[in-house]
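# Examining the three-dimensional arrangement
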Amino acid sequence: MPARPPMTARRLRLAVELRKMRERAGMTATEAARALGTSQGQLSNVESGRFGVSPQRIRALARIYSCPDQTFIAALIDLATDKTPGWWESYREVLPCGFLDLAELEHHAIAVRTAYTSHMPGLLQTADHAREIFRHVIPAPTPPEVEHRVSHRIKRQGVLYGADPTPYRTTVHEAALHMRVGGRSVARAQLRHLLDMSEREHITIRVLPFDVGAFPGSGQSINYLYGAVPELDTAQLDQFHGPVLLDAEALLDKYRSLLDIVEATALTPEKSRDLIHSIAQNL
């Protein structure tokens, strides 16, 4: 028997969205399975991501659930049919699944927004900065594990380069800019890298200065990944025990609003570059 493909972030999201569609229609799994002409067990396997699902079956489910949104249905079909292994799959045996999920979601996102309080955004970290961060993970990783994490983080940054880079907006608190991760020279090189990246048309970097005081979401790192349709957006939060992915509509609305507020509170991109340059000069 061939090995079952790994449970990727997009495969699981497809399963979640099919279950949500059924629940919005007010149907039980038993009723839906009967209408589809299958067993409840088979439908449950589809809704848990254990079984794949064909485009024809997705369209059939959409008809049963009276879902008229053809753009949304097409996006679900894309999730079901795009089975090309991503570069991150080569790390499946050496890194936690959360690392792979984030890379997969970033790769397929049509835009990315982030907000960071005490760390540099992963997509904008230098290799030396990332290496120092990973050396302080608990439990302490081995040197090879550190290098796997560093190479994975640098490969993630590929979405910001190339002929069609992903639009990227981030807000970074001034506290993160003052942290001398890796010492003075590494910290200065990291700030110069931020300045260089801020000059790219598709990248917007804003700094939240100390003098704004308290602000919504302080102390929390947020990655917001825009899907092909708003229903497929994902918010990713960094927690001490690992990354958490959120897809509930109410939570997505909350984090979009939070990022709007944080961006509006931060300095303009031009004033942000001036502050980053000043901090780098004084390190």
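Residues numbered from 1 in each chain as written. Predicted model: local features only at pLDDT ≥ 70, side-chain atom pairs only at ≥ 80, totals over all residues. Heavy atoms only, no water.

Now for the environment of leucine 258. Within the secondary structure layout, leucine 258 lies in helix H11 (residues 249-265). As for leucine 258 and isoleucine 222, which are separated by 36 residues in sequence, their C-alpha atoms are 9.7 Å apart. (Helix = DSSP H or I, 4+ residues; strand = E, 2+ residues; numbered from the N terminus.)

A word on the nonpolar core. Counting 27 residues, the largest nonpolar core has Leu124, Leu160, Tyr168, Leu177, Leu191, Leu194 and Ile276 as the members making the most contacts within it. For this core, the secondary structure elements donating two or more residues are helix H6 (97-108), strand E2 (168-173), helix H9 (174-178), helix H10 (184-198), strand E3 (203-208) and helix H12 (269-281). Ranked by residue count, the leading element in this core is H10, at five residues. Not counting the four nearest positions on each side in its chain, tyrosine 168 is found in contact with Val112, Thr114, Pro121, Leu123, Leu124, Leu160, His202, Ile203 and Thr204. One finds Leu18, Leu36, Val46 and Phe72 within the second-largest nonpolar core, a separate group that totals 26 residues. (Core = buried A, V, L, I, M, F, W, Y, C linked by side-chain atoms within 4.5 Å. Buried < 20%, exposed > 50% of the residue type's maximum accessible area, 1.4 Å probe, protein only. Contact = heavy atoms within 4.5 Å.)

Relative to each other, H10 and H12 sit at 160 degrees, their axes nearing to 9 Å. Relative to H12, H10 is oriented roughly antiparallel. Viewed along their axes, H10 and H12 form a crossing whose handedness is left-handed. Counting all contacts with H10, which are made through Arg188, Leu191, Leu194, Leu195 and Ser198, the residues of H12 involved are Arg273, Ile276, His277, Ile279 and Ala280. Looking at the contact of H10 with H12 residue by residue, the class counts come to six nonpolar, two polar and two charged. (Axes fitted to C-alpha atoms, helices over the stretch in contact; angles between N-to-C directions. Parallel < 35°, antiparallel > 145°, perpendicular 65-115°, else oblique. Left-handed = near helix turned anticlockwise from the far one by under 90°. Nonpolar A, V, L, I, M, F, W, Y, C, P; charged D, E, K, R; others polar.)

Moving on, we get to helix H2 (residues 29-36). Those residues of H2 that sit buried are Ala29, Ala32, Ala33 and Leu36. The arc that holds the buried residues of H2, viewed along the axis, is 100 degrees, so those residues lie on one side. Its buried side turned inward, H2 meets helix H1 (9-24), helix H3 (40-47) and helix H4 (55-64). A positive phi of about 80 degrees marks glycine 37, the residue just after H2. (Arc of directions from axis to C-beta.)

Averaged over all residues, the pLDDT of the chain is 93; the fraction at 70 or higher stands at 96%. Put simply, strand E6 (residues 242-246) is where the chain has its lowest mean pLDDT, 85, and H10 is where it has its highest, 98. (pLDDT = per-residue confidence, 0-100.)

This brings us to the pairing of E2. When you tally the buried positions in E2, you get five out of six residues, the bulk of the element. As paired strands, strand E1 (residues 111-116) and E2 are joined by five bridges and run parallel to one another. Note on E2: the bridge partner recorded for tyrosine 116 is valine 172. Sheet analysis places E2 next to E3, joined by six bridges and oriented parallel. Paired with threonine 170 across the bridge in E3 is isoleucine 205. (Pairing = 2+ DSSP bridges.)

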